[in-house]
Amino acid sequence: MAATTLAPARPEADYNTLTEDQQDRFDQLMEQADTAGTTDHFLTLMAHAANLAGMRLPASGDIRRCGCSCVCGHIFDAEDPDAHVIEWTGGYNLGRVQCPTCTDRHPETA
């Protein structure tokens, strides 16, 4: 009998491929993570959002949907060294971060 192994979940996802209900829930989880009061609560919300998007939570525990003006919908590791912080929203957990692909193609500023 051949053994089958499951492939690990992808390290990124595309928001635009999620259903409308999944997008709404993802947005809710990200809004909750933005105001999470503890690291544990933040990481739990990030894990739920990543799972909902069908992606593996990166080691940083921090994901974002691309925050630039294009419509790529890329959900990625916010701590990726090739990502670009567009704007830090002081007092909250989540800033606007541009995915590595968009950073390379059309870097933006706030």
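Residues numbered from 1 in each chain as written. Predicted model: local features only at pLDDT ≥ 70, side-chain atom pairs only at ≥ 80, totals over all residues. Heavy atoms only, no water.

(A) Focus on helix α2 (residues 39–53). Relative to the 21 Å expected for 15 residues at 1.5 Å per residue, α2 spans 21 Å between its end C-alpha atoms, a close match to the ideal helical length. Among all positions of α2, only F42, L45, M46, A49, A50 and A53 are buried. Buried residues along α2 cover an arc of 135 degrees about the axis, so they all sit on one side. Relative to its buried face, α2 has exposed residues pointing more than 90 degrees away, namely D40 and N51. Buried residues along α2 sit against β1 (13–14), α1 (20–34), β2 (63–65) and β3 (74–77). (Helix = DSSP H or I, 4+ residues; strand = E, 2+ residues; numbered from the N terminus. Expected span 1.5 Å × (residues − 1). Buried < 20%, exposed > 50% of the residue type's maximum accessible area, 1.4 Å probe, protein only. Arc of directions from axis to C-beta. Contact = heavy atoms within 4.5 Å.)

(B) Just the packing of aromatic side chains, in detail. Tallying each qualifying case throughout the model produces 1 aromatic pair. Its end group placed over the ring of Y15, R65 keeps NZ or CZ at 3.7 Å from the ring centre. (Phe/Tyr/Trp six-rings, centres within 6.5 Å; stacked < 30°, edge-to-face > 60°. Lys NZ or Arg CZ within 6 Å of the ring centre and 35° of its normal.)

(C) Structural view of the nonpolar core. Ranked by internal contacts, the top residues of the largest apolar core, which has 18 residues, are F26, M30, M46, M55, I63 and I75. For this core, the elements supplying multiple residues, two or more each, are α1 and α2. With 6 residues, the single largest contributor to this core is α2. (Core = buried A, V, L, I, M, F, W, Y, C linked by side-chain atoms within 4.5 Å.)

(D) Region of interest: the sheet that holds β3. Judged by pairing direction, the sheet is antiparallel, and its 3 strands sit side by side in the order β1-β3-β2 without closing on themselves. Each edge of the open sheet is held by one strand with a lone partner, namely β1 and β2. Both β2 and β3 contribute to a ladder of 3 bridges, which runs antiparallel. Of the residues in β3, the one forming a bridge with I63 is D77. (Pairing = 2+ DSSP bridges.)

(E) How the structure looks around the pairing of β3. Direction of pairing for β1 relative to β3: antiparallel, over a ladder of 2 bridges. For D14, the partnering residue across the bridge sits in β3 and is H74.

(F) Focus on the pattern of salt bridges. This model, assessed by the stated rule, comprises 2 salt bridges. Of the charged contacts, one joins R64 and D62 as a salt bridge, the two residues approaching to 2.2 Å between their closest N and O atoms. Overall, the relative accessible area of 9% leaves D62 in the buried class. (Salt bridge = Lys/Arg side-chain N within 4 Å of Asp/Glu carboxyl O.)

(G) Spatial organisation of the environment of L94. By secondary structure assignment, the location of L94 is in the loop between β4 (84–87) and β5 (96–98). For L94, a relative accessible area of 11% gives the class buried. The sequence separation of L94 and A78 amounts to 16 residues, and the corresponding C-alpha distance is 9.3 Å. Leaving out residues up to four positions away in the same chain, L94 has contacts with M30, D34, F42, M46, D62, R64, W88 and T89.

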